[in-house]
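# Observations on the model geometry
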Amino acid sequence: MKKTLLLSVLAGALIGSAPLQADDHGVEYAMAIHGGAGTITRANLTDEQEQAYKDKLNEALEAGRAVLKDGGDSTTAVIAAIQVMEESPLFNSGKGAVYTWDGEHELDASLMEGEKGNAGAVAGVKTVKSPIELAREVMEESVHVMLSGEGAEQFAKQQGLEQVVDNSYFNTERRYQQLLKAKEKIKASEQPEQQAWEYLDLDYKYGTVGAVAVDKNGLLSAGTSTGGMTAKRYGRIGDSPIIGAGTWADNDSCAVSATGHGEYFIRFHVAADICSRVKYKGLSVSEAGDEVIHGVLEQAGGTGGVIIIDADGNVAMPFNTEGMYRGYFKGDGDTHIAIYNEEE
């Protein structure tokens, strides 16, 4: 299968509008993924690092495609794609999760299906190798939507997940160095600790992975997984496990996974707001995404991006940062991958 890997795209494609236009009705299946947004420029990545991200994003897309092509459901495809990124130290999720202030890792994830609104989420887990898989267990095997901390880990063991690991499994030297730099900046600031944290570079504040998909039955699903913010304290929880903020799916509108400064995505209910604009205003996924990411969110001072897909396979990937690791495919077509916010 021929695969075309694009580092950047023309204006009006991946960056701010839908590369799969309205005349793509009837696409059998499609998927979009993201690996986080932030200060991502060519100056910040070596050629080798850039290729590593491209390869891993492509691997994640192909994992999802394998499920969808074989007639699998969109939820299973979303999990398959996310797990590839959870197992890679390149992303702030799973193996590559950032450190808390106390030198540990606390992971969050959520999953939602568009047919009936079924959803599951976990927050602040420390010993679960694949938080997105546990989110599915919560959705399918519990009477709750969200579990947190030790309770979520107890549930994982009860469900027999073979993914319980020591917290040190998530250790990486790169993330540890980021923690040391973040703490040094905060301690050196003349501002109170919480205010000083606000002045950290964007890359300390977020990084998430996610996937959205539509399967051969026209069913939508969305999932998001993250390690949260570098040097976070007090059991902080961001938008990634919050249904409606970081993840949303509704077959009558769209599916969304978000990445960004989570506090803003929670306050403005970003993921669900985008789909509500599709559902009630009749906007395309591109128009709705632009209104929220480049309008509502920017005006409030929030930064980040989303991936969006509808039941017809139309995709949009708007973001208001310098870059976002992202990609998509439809059916047996080429995979398209982009990193930078450039128009070429």
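No experiment lies behind these values; they were computed from the predicted model shown. (Residues numbered from 1 in each chain as written. Predicted model: local features only at pLDDT ≥ 70, side-chain atom pairs only at ≥ 80, totals over all residues. Heavy atoms only, no water.)

Before going further, it helps to examine the overall build of the chain. In terms of regular secondary structure, the chain is built from ten helices and twelve strands. In the chain, which comprises 344 residues, the share counted as buried stands at 60%. Across the chain, contacts joining residues at least 24 apart in sequence account for 70% of those joining residues at least 6 apart. Of the roughly 13,500 Å² that the chain leaves accessible, carbon and sulfur atoms contribute 46%. (Helix = DSSP H or I, 4+ residues; strand = E, 2+ residues; numbered from the N terminus. Buried < 20%, exposed > 50% of the residue type's maximum accessible area, 1.4 Å probe, protein only. Contact = heavy atoms within 4.5 Å. Areas by Shrake-Rupley, 256 points an atom, 1.4 Å probe, with all protein chains shown as cover.)

As a further point, take the packing of helix 1 (residues 47–69) against helix 2 (residues 74–86). At their nearest, the axes of helix 1 and helix 2 sit 8 Å apart, and the two run at 155° to each other. One way to sum up the angle between helix 1 and helix 2 is to call them roughly antiparallel. Helix 1 and helix 2 meet at a crossing whose hand is right-handed. Taken together, the residues of helix 2 that come into contact with helix 1 (itself represented by K56, L57, E59, A60, A63, G64, V67 and L68) are S74, T76, A77, A80, A81, V84 and M85. Grouping the amino acids of the contact of helix 1 with helix 2 by side-chain chemistry returns ten nonpolar, three polar and two charged. (Axes fitted to C-alpha atoms, helices over the stretch in contact; angles between N-to-C directions. Parallel < 35°, antiparallel > 145°, perpendicular 65-115°, else oblique. Left-handed = near helix turned anticlockwise from the far one by under 90°. Nonpolar A, V, L, I, M, F, W, Y, C, P; charged D, E, K, R; others polar.)

On to the pattern of salt bridges, then. Here the structure, examined in full by the defined rule, presents eleven salt bridges. With a shortest N-O distance of 3.9 Å, D73 and R136 are connected by a salt bridge. Placement of D73 in the loop between helix 1 and helix 2 and of R136 in helix 3 (residues 131–141) is noted, with a sequence separation of 63 residues between them. Salt-bridge contacts for R277 lead to E291; the nearest nitrogen and oxygen are separated by 2.6 Å. Of this pair, R277 sits in helix 9 (residues 270–281) while E291 is found in helix 10 (residues 285–300), placing the two residues 14 residues apart along the sequence. Judged by relative accessible area, which is 17%, R277 ranks as buried. Connected via shared salt-bridge partners are D273, R277, K281 and E291. (Salt bridge = Lys/Arg side-chain N within 4 Å of Asp/Glu carboxyl O.)

This brings us to the sheet that holds strand 8 (residues 255–260). One open sheet accounts for four strands, arranged 7-8-9-10; its pairing is antiparallel. Here the strands that pair on one side only, and so sit at the sheet edges, are strand 7 (247–249) and strand 10 (315–316). Both strand 8 and strand 9 (residues 304–309) contribute to a ladder of six bridges, which runs antiparallel. Looking across to strand 9, one finds that V256 is bridged to I308. In the packing of helix 10 onto the sheet, the strands contacted are strand 9 and strand 10, and the crossing angle to strand 9 comes to about 165°. (Pairing = 2+ DSSP bridges.)

Let us now look at helix 9. Taking 1.5 Å per residue, twelve residues should reach 16 Å; helix 9 reaches 16 Å between its end C-alpha atoms and fits that length. Every buried residue belonging to helix 9 is among V270, A271, A272, D273, I274, C275, R277 and V278, and all of these are buried. Looking at the buried side of helix 9, the elements it contacts are strand 7, strand 8, helix 8 (262–267), helix 10 and strand 9. Directly after helix 9, the chain includes G282, whose backbone phi takes a positive value near 75°. (Expected span 1.5 Å × (residues − 1).)

Across the eleven residues that make up helix 3, a large majority, nine, are buried. Among all positions of helix 3, only P131, I132, E133, L134, A135, R136, E137, V138 and M139 are buried.

Okay, the environment of K330 next. On the secondary structure map, K330 appears in strand 11 (residues 323–330). On the basis of relative accessibility, which here comes to 30%, the residue K330 falls in the partly exposed class. For K330 and V315, which are 15 residues apart along the polypeptide, the C-alpha to C-alpha distance reads 9.3 Å.

Right, let's talk about the sheet that holds strand 2 (residues 107–113) for a bit. Taken together, eight strands build an open sheet; the order of strands is 4-3-2-6-5-1-11-12 and the sheet is mixed. Looking at the sheet topology across the chains shown, the edges are occupied by strand 4 (146–148) and strand 12 (336–340). Taken pair by pair, the neighbouring strands of this sheet meet at an average axis angle of 10°, ignoring direction. By the bridge criterion, four bridges tie strand 11 to strand 12 in an arrangement that is antiparallel. Note on strand 12: the bridge partner recorded for G327 is I337.

Residue Y234 is not a glycine yet carries a positive backbone phi of 65°. With a relative accessible area of 67%, Y234 lands in the exposed category. A positive phi angle, near 50°, is found at H269, a position not held by glycine. Of note, H269 is situated in the loop between helix 8 and helix 9.

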